[in-house]
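# Summary of the model geometry
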Amino acid sequence: MSHEPTNLTDALASFDQLWSPRIVTTVNDYDVRIAKVAGEHVWHAHDDTDEFFLVLDGDLRIALREPDGERTVTLSRGSVFVVPRGVEHKPSSEHGASLLLFEPTGTSSVGNRHDGIPGHVDATTGHELPERSAPGA
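### Things to note about the pairing of strand β1 (residues 22–27)
Summarising the sheet, β1 and strand β2 (residues 30–40) pair through five bridges and their orientation is antiparallel. Following the sheet pairing, I23 is matched in β2 by R33. Count of turn residues in the β1/β2 antiparallel hairpin: two residues, of which N28 carries a positive phi of about 55°.

### Quick look at the pairing of β2
The pairing of β2 with strand β8 (residues 88–104) spans 10 bridges and is antiparallel. Bridge pairing in β8 links V32 to F102.

### Regarding the nonpolar core
Ranked by internal contacts, the top residues of the largest apolar core, which has 19 residues, are F53, L60, I62 and L99. Looking at this core, the elements that each hand over two or more residues are β2, β4 (51–58), β5 (60–66), β6 (69–75), β7 (80–83) and β8. If you look at the next biggest cluster of nonpolar residues, it comprises eight residues, including L12, F15, I34 and L129.

### Re the environment of F81
Relative to the helices and strands, F81 resides in strand β7. When the C-alpha positions of F81 and I62 are compared, they lie 9.3 Å apart, and in sequence the two are 19 residues distant. Apart from residues no more than four positions distant in its own chain, F81 is found in contact with E51, F52, F53, I62, L64, R71, V73 and L75.

So, how was this worked out
- Numbering of residues starts from 1 in each chain and follows the order in which that chain's sequence is written.
- For a predicted model such as this one, the threshold for reporting local features is a pLDDT of at least 70, and the threshold for listing and counting side-chain atom pairs is 80 or more; totals across whole chains, interfaces and linings nevertheless cover every residue.
- To obtain the side-chain values, all non-hydrogen atoms of the structure were included, while hydrogens and water were left out.
- Two strands are said to pair when DSSP picks up at least two bridges between them.
- By definition, any uninterrupted DSSP run of H or I lasting at least four residues is a helix, any uninterrupted run of E lasting at least two residues is a strand, and each is numbered from the N terminus.
- In these notes, a set of buried Ala, Val, Leu, Ile, Met, Phe, Trp, Tyr and Cys residues joined through side-chain atoms within 4.5 Å is what counts as a nonpolar core.
- Relative accessible area decides the class of each residue, using a 1.4 Å probe on protein chains only: under 20% of the type maximum gives buried, over 50% gives exposed, and in between gives partly exposed.
- Any two residues having at least one pair of non-hydrogen atoms within 4.5 Å are treated as being in contact.

Read these as layout, nothing more, since geometry by itself doesn't imply function.
Next comes the structure, spelled out in structure tokens:
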């Protein structure tokens, strides 16, 4: 992990894969991840942790299966939302979005309960960002 500042615009430009989060840095035992998304993810739940979403660009919809039934929240640029632990949810973005996520290190992007994983969704605990050149190099 780099101990230098990270420009999120540059970090997002360093990869093209959708639904495949990259680890920007860590804070205590949490990964700070970024992801590009478009289309639908998969219904899933994280039984042991909440999931924090910040929309950096675009719009994100998160369908939720709650005790009172299903509902969908819509997040626009600059919006944050936390999916509580154990709640089944399915993120999607019709036109694409860029996200910042906080999750405990080692948390799977498809949780520990999920539907079948389609080919366009990367089931991962996060990938490292590509190596960055030192400023002025």
